[in-house]
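Letter by letter, the chains look like this.
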Amino acid sequence: MLYFVLKYLHVVGAAVLLGTGSGIAFFMLAAHLGGKPSVIAGVARIVVIADFIFTATAVVAQPITGSLLVLHVGYSFWEGWIVWSMVLYVITGALWLPVVWMQMRLRDLASIAATKGSSLPPEYHRIFWLWFAFGIPAFIAVAAIVWLMIAKPQLALFDVGVIAELSWTLKSVA
């Protein structure tokens, strides 16, 4: 029973990360393309809240449920698909943290422009395209993690026999 609870929570967390990420990207892009500062400010305000409620919760839950599943099932943390999942997860986090700040800044810049009745400043456009550029590899990384989680491919990171032989050779030389 514990296995199914952990797996359910892990799958839901993955769906939240993938779904919230793609939903946020869609709504931010649609608002941006509309070009109305008041709409962009409103959408960005909701996007920031969604990131803090849904994405942040899933970001915390995923490594916990994933680690518990690894231990419960008896996988090794050194299996290739698990290592690559963790590497991609760290990369995603490194891209996501600045994106959250960018979304807050986009929200603030659009809100100021809406209040003043002015157009969006150049800083907004620069940050938006940076946000977009960070989002693409982050989304691809999350999609790859989901694939790794489902497929569990045999990915050899290293050959243990070769490393043992190299270690023995180095000891005999020294």
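Remember, predicted model here, so these are calculated numbers, not experimental data. (Residues numbered from 1 in each chain as written. Predicted model: local features only at pLDDT ≥ 70, side-chain atom pairs only at ≥ 80, totals over all residues. Heavy atoms only, no water.)

1. Considerations on a nonpolar patch on the surface
- Nonpolar side chains collect at one region of the surface, where Trp78, Trp84, Val87, Ile91, Leu155 and Leu157 lie side by side and expose about 570 Å² of accessible area between them.
- Note on Ile91: relative accessible area 40%, which makes it partly exposed. (Patch = residues over 30% accessible without salt bridge, like charges linked within 9 Å, V, L, I, M, F, W, Y side chains within 5 Å. Areas by Shrake-Rupley, 256 points an atom, 1.4 Å probe, with all protein chains shown as cover. Salt bridge = Lys/Arg side-chain N within 4 Å of Asp/Glu carboxyl O. Buried < 20%, exposed > 50% of the residue type's maximum accessible area, 1.4 Å probe, protein only.)

2. So, helix α3 (residues 80-116)
- The terminal C-alpha atoms of α3, which comprises 37 residues, lie 54 Å apart, in line with the 54 Å expected from a rise of 1.5 Å per residue.
- Remark: Gly117 follows α3 within two positions and exhibits a positive phi of approximately 70°. (Helix = DSSP H or I, 4+ residues; strand = E, 2+ residues; numbered from the N terminus. Expected span 1.5 Å × (residues − 1).)

3. Details of the pattern of salt bridges
- A full pass over the atoms with the stated rule returns two salt bridges.
- When the shortest N-O distance is used, the salt bridge between Glu123 and Arg105 registers 3.0 Å. Remark: Arg105 occurs in helix α3 and Glu123 occurs in helix α4 (residues 122-151); sequence separation between them is 18 residues.
- Residues Asp108 and Arg107 are paired through a salt bridge, measuring 3.0 Å at the closest nitrogen-oxygen approach.

4. As for the environment of Ala138
- Looking at the element boundaries, Ala138 is found in helix α4.
- The spatial distance from the C-alpha of Ala138 to the C-alpha of Thr92 is 4.9 Å, given a sequence separation of 46 residues.
- Residues contacting Ala138, with those up to four places away along its chain left out, are Thr92 and Leu95. (Contact = heavy atoms within 4.5 Å.)

5. Section: the packing of helix α1 (residues 2-34) against helix α2 (residues 37-73)
- At a closest axis distance of 8 Å, the pairing of α1 and α2 adopts a crossing angle of 155°. Between α1 and α2, the angle falls in the class roughly antiparallel. The interaxial crossing formed by α1 with α2 has left-handed handedness.
- Its residues assigned to classes, the contact of α1 with α2 shows 23 nonpolar, nine polar and two charged. (Axes fitted to C-alpha atoms, helices over the stretch in contact; angles between N-to-C directions. Parallel < 35°, antiparallel > 145°, perpendicular 65-115°, else oblique. Left-handed = near helix turned anticlockwise from the far one by under 90°. Nonpolar A, V, L, I, M, F, W, Y, C, P; charged D, E, K, R; others polar.)

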